[in-house]
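# Results of the structural survey
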Amino acid sequence: MVAPPILTGAASPLAFTSESERSNYLRGGATASFAYNTNVINTAGSPVGDELYTISPFINLDITRTRLRFSTIYSPGFTFYQHLSDRNQSDHSLGLSLAYRLSPHVTFTAGDSLAKASTYTGLTFNTIAGVPNAIQSPNLAIISPVADTLINASNVGLSYQFGRNDMLGVTGNSSILRYLNQSQAPGLYDSTGYGAGGYYTHRFGRNYLGVNYLFQDLTTETIQLKTKTDSIYGSYTFYLKPNLSLSAFGGPQYSDTFGPVTLPIKKWSPAGGGSVSWQGGQTSFAVTFSHRITDGGGLPGAVTANSVNASFRAQLTRALTGSIGAGYSSNTALDPAFQSLSNGNSTSAAAGLQRAFGEHWTGSVGYLYSHQNYNNIAVINEAQNQSQVSISVSCQFERPLGR
């Protein structure tokens, strides 16, 4: 049995099945890109654009053994502005993924992703990386256009298949959001979240029925506004094919919100969502949608969030790959005192083409769009709409590792 991602909290991957076959490699290289952003800063109500130059080296280690699968990638970045040199910045991103089979029926998994960036380009979702999980992913709907921001999300899991068609599992997750220079992000707040849960699933044919319990402890650090939730979800996953699945979940959520200047707010509310995921040899796509209580992602306190994310990739020719993606999210603060100040919605979209030139070189063009409607947050008002076009060249080398 393979536990459905809707239970474990894993993202919906977008790699082709042919791409996942090459393991046990050490890879390295660098990407140089040129981009134009239409709204780097807003002056007297008028957007000001600028050209950006970025250099991003990277190193990737991918190891597969009989009982182990481990992958990590690290990439620093250095961005230089043509005219607004005070916005020059350095970024960092780190990803880790681990799966280890402790016994024939017990598997341990862990993952972590870290992003430190100063523009929405470095923090908005990546159509290649995958689509966030509909239940356990942090709320990344709000992107400050100019603030130094640190985001870290991690998860662990342990699954035990105790029968031919029965599996138990436990999960844990955490998320950290920090604005490293608070003066750059007026109206936005640091937050921390922790979660833990357990699940049971039963398989019959290509169908998985399950039940999932999830606890969350969410804190808005600056004002010490806290929300604790308990959720019980029923879930159903149907594998039309081994690489094509449909999932749905739903159930009640109980939340308890409190703080130094907030009277306790206790409420029951419904939660639900689902996903569709496909990984083929030359195409892949994923769609997730959810309605749930989660962290504010920069807003004061926890929120009721509605979100939809979708991405699609295709191998257009032997050397050319295309990708598109889009996302929408709306957030409503649980504390009525903040609803008039911070409720809003955001929309994002991305598209790109990548072409290989020989074994080591690739070139790509891309487009990013972001619209955020949070009218009472000053830093968002500076650049509610952003569009960026880019062109980049990458060089990659790889070395096989001993098996």
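Residues numbered from 1 in each chain as written. Predicted model: local features only at pLDDT ≥ 70, side-chain atom pairs only at ≥ 80, totals over all residues. Heavy atoms only, no water.

## Topic: the pairing of strand S10 (residues 225-241)
Taken residue by residue, a regular strand's side chains alternate between the two faces of the sheet. The condition is simple: At least two bridges found by DSSP between two strands is the condition for calling them paired. We count a stretch as a helix when DSSP gives it H or I for four or more residues in a row; a strand needs E for two or more, and each element gets its number in order from the N terminus.
Pairing analysis gives 14 bridges linking strand S9 (residues 207-220) to S10, with the strands arranged antiparallel. Within S10, the residue paired with glycine 210 across the bridge is serine 235. Summarising the sheet, S10 and strand S11 (residues 244-259) pair through 13 bridges and their orientation is antiparallel. When the bridges of S11 are listed, tyrosine 236 appears paired with alanine 248. The turn linking S10 back onto S11 is made up of two residues.

## Details of the pattern of salt bridges
Two side chains of opposite charge can pair, provided their charged atoms sit close to one another. Stated precisely, the cut-off is as follows: Every case where a carboxyl oxygen of Asp or Glu lies within 4 Å of a side-chain nitrogen of Lys or Arg is listed as a salt bridge. Residue exposure (1.4 Å probe, protein chains only): buried if accessible area is under 20% of the type maximum, exposed if over 50%, otherwise partly exposed.
Inspection of every chain in the model, using the stated rule, returns two salt bridges. Its salt-bridge partner being arginine 27, residue glutamate 398 comes within 3.0 Å of it at the nearest N-O pair. With glutamate 398 in strand S18 (residues 385-400) and arginine 27 in strand S1 (residues 25-43), the pair connects residues that are 371 residues apart, well separated along the chain. Among the residues examined, glutamate 398 registers a relative accessible area of 30% and is labelled partly exposed. Ionic pairing is found between aspartate 62 and arginine 69, a salt bridge with its closest N-O pair at 3.1 Å. Classification of aspartate 62 as buried rests on a relative accessible area of 7%.

## Overview of unusual backbone geometry
Its identity as a non-glycine residue notwithstanding, glutamine 224 has a phi of 50°, on the positive side. Among the residues examined, glutamine 224 registers a relative accessible area of 34% and is labelled partly exposed.

## Some details on empty space enclosed by the protein
To find the voids left in a structure, one rolls a probe of water-molecule size over its atoms. The cut-off we apply is this: Both cavities and pockets are sets of points on a 1 Å grid over the protein atoms alone; in a cavity a 1.4 Å probe fits but cannot get out, in a pocket the set is open with protein on both sides within 12 Å along at least five of seven lines, and lining residues sit with an atom within 4 Å of a point. Grid points are joined across faces, edges and corners, and a volume is the space filled by probe spheres set on the points. Each residue gets one label: Ala, Val, Leu, Ile, Met, Phe, Trp, Tyr, Cys and Pro are nonpolar, Asp, Glu, Lys and Arg are charged, and the others, such as Gly, are polar.
Evaluation of the coordinates by the stated rule reveals two cavities of 30 Å³ or more. Approximately 150 Å³ is the volume attributed to the largest cavity. The wall of the largest cavity is formed by 18 residues, among which Asn139, Leu140, Ile151, Leu177 and Gly297 lie closest to the centre. Counting residues per element, the ones that place at least two in the lining of the largest cavity are strand S6 (149-163), strand S7 (166-179) and strand S8 (191-204). Top contributing element to the lining of the largest cavity by residue count: S7, with four residues. Each residue belonging to the lining of the largest cavity can be placed in one class, and the counts come to nine nonpolar, eight polar and one charged. Estimated volume of the second largest cavity: approximately 50 Å³. In terms of lining residues, the second largest cavity is bounded by Ser191, Thr192, Leu218, Thr219, Thr220, Leu225, Thr227, Asp295, Gly296, Gly301 and Ala302. Of all the secondary-structure elements, those providing two or more residues to the lining of the second largest cavity are S8, S9 and S10. The element best represented in the lining of the second largest cavity is S9, accounting for three residues.

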